[in-house]
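# Structural overview for review
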Amino acid sequence: MEIWIEKWRPKNFEDIIGQEAIVRRVKAMVEQKSIPHLLFTGPAGSGKTSLSLVIAKQLYGNSWRENFLELNASDDRGIDVVRNTIKDFARTKSIGDVPFKIIYLDECDSLTKEAQQALRRTMENYAAVTRFVLSCNYSSKIIDPIQSRCTIFRFRGIEKEGVFEYMDKIAKQEELKISKEAKEILYENSNGDLRRLLNILQSCASISNKIDDKLIYDVVASVHPKEIRKIIECAIKGDFLKSKNMLLDIMLKNGLSGLDIIKQIQKEVLELEIDEKDKLKLIEKCGEIEFRMVEGSDEFIQLQALLAGFYLK
Ligand SMILES: Nc1ncnc2c1ncn2[C@@H]1O[C@H](COP(=O)(O)OP(=O)(O)OP(=O)(O)O)[C@@H](O)[C@H]1O
Ligand SMILES: [Mg+2]
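Presented here is an overview of the structure given in this document.

### Quick notes on the packing of aromatic side chains
Here the distance between the centres and the angle between the planes together describe a pair of aromatic rings. Within this structure, the stated rule accounts for five aromatic pairs. On the basis of an interplanar angle of 20° and a centroid distance of 6.4 Å, the ring pair of Phe-68 and Tyr-104 is categorised as stacked. One end of the pair, Phe-68, is in strand E2 (residues 68-72); the other, Tyr-104, is in strand E3 (residues 101-106), with 36 residues separating them in the sequence. An identical accessibility class is assigned to Phe-68 and Tyr-104; each is buried.

Spelled out as structure tokens, the structure:
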């Protein structure tokens, strides 16, 4: 079975969801076969790698593989390996009628300042025969001399409308029935990251083609908010034992860590209909306990302390 993030990789500009302004400008560059160095920055799963692949396919047609090199800047064999690979690739002429090749360098923000200086020199040395497309999550981590050599495009997480349009498209092709409630949860859970969305959808689809809220919570290994809500309500009322037992039960059944649970509890606290002052108190408690857990304190003891602290007299 094929992985969906590959199967569903955009094949042309029209397949790219959102990022309209970016797509329009890049398309014009491709049509004129005139491409500067590019810097793509923005959150994961927003289409940076996908767009660069579309550029290559549109520009070079069938010989795109010969003219496009994808590298990861954070390659743990070091930037020297990356530079040698670039050198070898750039040494031979491009195939076809476009006078340059493209090097796509992912995760540039993981490079040290020194490595970025080296990259900048490499970019200059091969400027006549290559174009660089650099990709990163945070442009602030890229040194100015590189930024000033590139045209910068800022990608955004995909907005709700785009995510829904995307879900409908996938559902139709893959013959899935996604309930309305499930769509909302998927949207919230993917947080504008279409890679994450596809992965959740594929995991769900391997179990059933009817996707509802329960299936999604099973797949993303989080608990249905209703259950978390019950635990919190018990704790607030002072039924400590019951809330503690429910919590342990849920954690063990779903294989969740203390940190997984505390994130969900905090989220549900925000939704509670209680006095604002009380709510603030509970939120503060969550923060305190989360900190202790991160510091390495026993998570079961900390979660019980949390529930005890939730009692509102
Ligand atoms: N804007 C988009 N339109 C359509 N599909 C998308 C879009 N963004 C992401 N996807 C889907 O998600 C998968 C991953 O996207 P992509 O590799 O382009 O993300 P990225 O922005 O490069 O993320 P990262 O920062 O993690 O490298 C793609 O294969 C595609 O299926
Ligand atoms: Mg990428």
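Next comes the rest of the account.
### Some details on a positive patch on the surface
A surface patch of positive charge is lined by Lys-226, Lys-230, Lys-237 and Lys-242. Ranked by the residues each element gives to the positive patch, the list is headed by helix H12 (residues 225-237), at three residues. For Lys-226, the location among the structural elements is in helix H12. Note on Lys-226: relative accessible area 60%, which makes it exposed.

### Some points on helix H10 (residues 194-205)
Between its first and last C-alpha, H10 extends 16 Å over 12 residues, near the 16 Å set by a 1.5 Å rise per residue. Inspection of H10 places Leu-194, Leu-197, Leu-198, Ile-200, Leu-201, Gln-202 and Cys-204 among the buried residues, and these make up the whole buried set. On its buried face, H10 is in contact with helix H1 (4-7), helix H8 (160-174), strand E6 (177-178), helix H9 (180-190), strand E7 (210-211) and helix H11 (213-219). Its side-chain oxygen 2.9 Å from the backbone nitrogen of Arg-195, Asp-193 forms the N-cap of H10.

### Some words on the nonpolar core
Counting 26 residues, the largest nonpolar core has Ile-55 and Leu-59 as the members making the most contacts within it. Of all the secondary structure elements, the ones that give two or more residues to this core are helix H2 (20-31), strand E1 (38-41), helix H3 (48-60) and E3. Looking at which element gives the most residues to this core, the answer is H3, with seven residues. If sequence neighbours within four positions are ignored, Leu-59 has contacts with Val-30, Lys-33, Ile-35, Val-98, Phe-100 and Ile-102. One finds Ile-170, Leu-194, Ile-200 and Ile-211 within the second-largest nonpolar core, a separate group that totals 25 residues.

### Concerning the sheet that holds E2
Reading across from one edge, E2-E3-E4-E1-E5 is the order of the five strands in this open sheet, with parallel pairing throughout. Among the strands making up the open sheet, the edge pair consists of E2 and strand E5 (151-154). Taking the axes of each pair of neighbouring strands and ignoring which way they run, one obtains an average angle of 15° across the sheet. One ladder, built from five bridges, connects E2 with E3; its direction is parallel. Residue pairing for E3: Asn-72 is matched across the bridge by Asp-106. Against the sheet, H2 contacts E1 and E5, and its axis sits at roughly 145° relative to E5. This element, helix H5 (residues 79-91), spans E2, E3 and strand E4 (130-136) of the sheet and lies at about 175° to E2.

### Observations regarding the pattern of salt bridges
Overall, the coordinates contain 15 salt bridges when judged by the stated rule. Taking the shortest distance from any N to any O, the salt bridge between Asp-88 and Arg-91 comes out at 2.6 Å. Here the residue Asp-88 and the residue Arg-91 both occupy positions in helix H5, the gap between them amounting to three residues, near one helical turn. With its nearest N and O atoms 2.4 Å apart, the salt bridge here joins Glu-124 to Arg-149. Linking Glu-124 in helix H6 (residues 113-125) with Arg-149 in the loop between helix H7 (144-147) and E5, this pair joins segments that are 25 residues apart in sequence. The exposure class assigned to Glu-124 is partly exposed, which follows from its relative accessible area of 36%. Bridged by salt links that share partners, the residues Arg-120, Glu-124 and Arg-149 form one connected network.

### Regarding the site of ligand 1
Ile-5, Ile-17, Lys-48, Thr-49 and Ser-50 are the nearest of the 22 residues found near ligand 1. A distance of 2.6 Å separates an oxygen atom of ligand 1 from a polar atom in the backbone of Ile-5. In this structure, an oxygen atom belonging to ligand 1 sits 2.9 Å away from a main-chain N or O atom of Gly-45. When isolated, ligand 1 has an accessible area of 630 Å², and the protein chains bury 95% of it. Looking at the shell around ligand 1, the elements that each hand over two or more residues are H3 and H10. A class-by-class count of the residues in the shell around ligand 1 yields 11 nonpolar, six polar and five charged.

### Here we look at the pairing of E4
With seven of seven residues buried, E4 lies mostly within the body of the structure. Here E4 shows a buried face lined by Thr-130, Phe-132, Leu-134 and Cys-136 and a second buried face lined by Arg-131, Val-133 and Ser-135. Of the pairings in the sheet, the one linking E1 to E4 comprises four bridges and is parallel in character. Within the sheet, the bridge partner assigned to Phe-40 lies in E4 and is Ser-135. The sheet contact formed by E3 and E4 spans five bridges and is parallel. Note on E4: the bridge partner recorded for Lys-101 is Thr-130. The handedness of the E3 to E4 crossover, carried by H6, is right-handed.

What counts, and where the lines are drawn
Residues numbered from 1 in each chain as written. Chains lettered and ligands numbered in written order. Predicted model: local features only at pLDDT ≥ 70, side-chain atom pairs only at ≥ 80, totals over all residues. Heavy atoms only, no water. Phe/Tyr/Trp six-rings, centres within 6.5 Å; stacked < 30°, edge-to-face > 60°. Helix = DSSP H or I, 4+ residues; strand = E, 2+ residues; numbered from the N terminus. Buried < 20%, exposed > 50% of the residue type's maximum accessible area, 1.4 Å probe, protein only. Patch = residues over 30% accessible without salt bridge, like charges linked within 9 Å, V, L, I, M, F, W, Y side chains within 5 Å. Areas by Shrake-Rupley, 256 points an atom, 1.4 Å probe, with all protein chains shown as cover. Salt bridge = Lys/Arg side-chain N within 4 Å of Asp/Glu carboxyl O. Lys, Arg positive; Asp, Glu negative; His and termini not counted. Charge placed at Lys NZ, Arg CZ, Asp CG, Glu CD. Expected span 1.5 Å × (residues − 1). Contact = heavy atoms within 4.5 Å. Polar contact = N/O pair within 3.5 Å; in protein donor to acceptor, adjacent residues only side chain to side chain. Core = buried A, V, L, I, M, F, W, Y, C linked by side-chain atoms within 4.5 Å. Pairing = 2+ DSSP bridges. Axes fitted to C-alpha atoms, helices over the stretch in contact; angles between N-to-C directions. Near = heavy atom within 4 Å. Nonpolar A, V, L, I, M, F, W, Y, C, P; charged D, E, K, R; others polar. Right-handed = clockwise from strand over helix to strand, strands pointing away.

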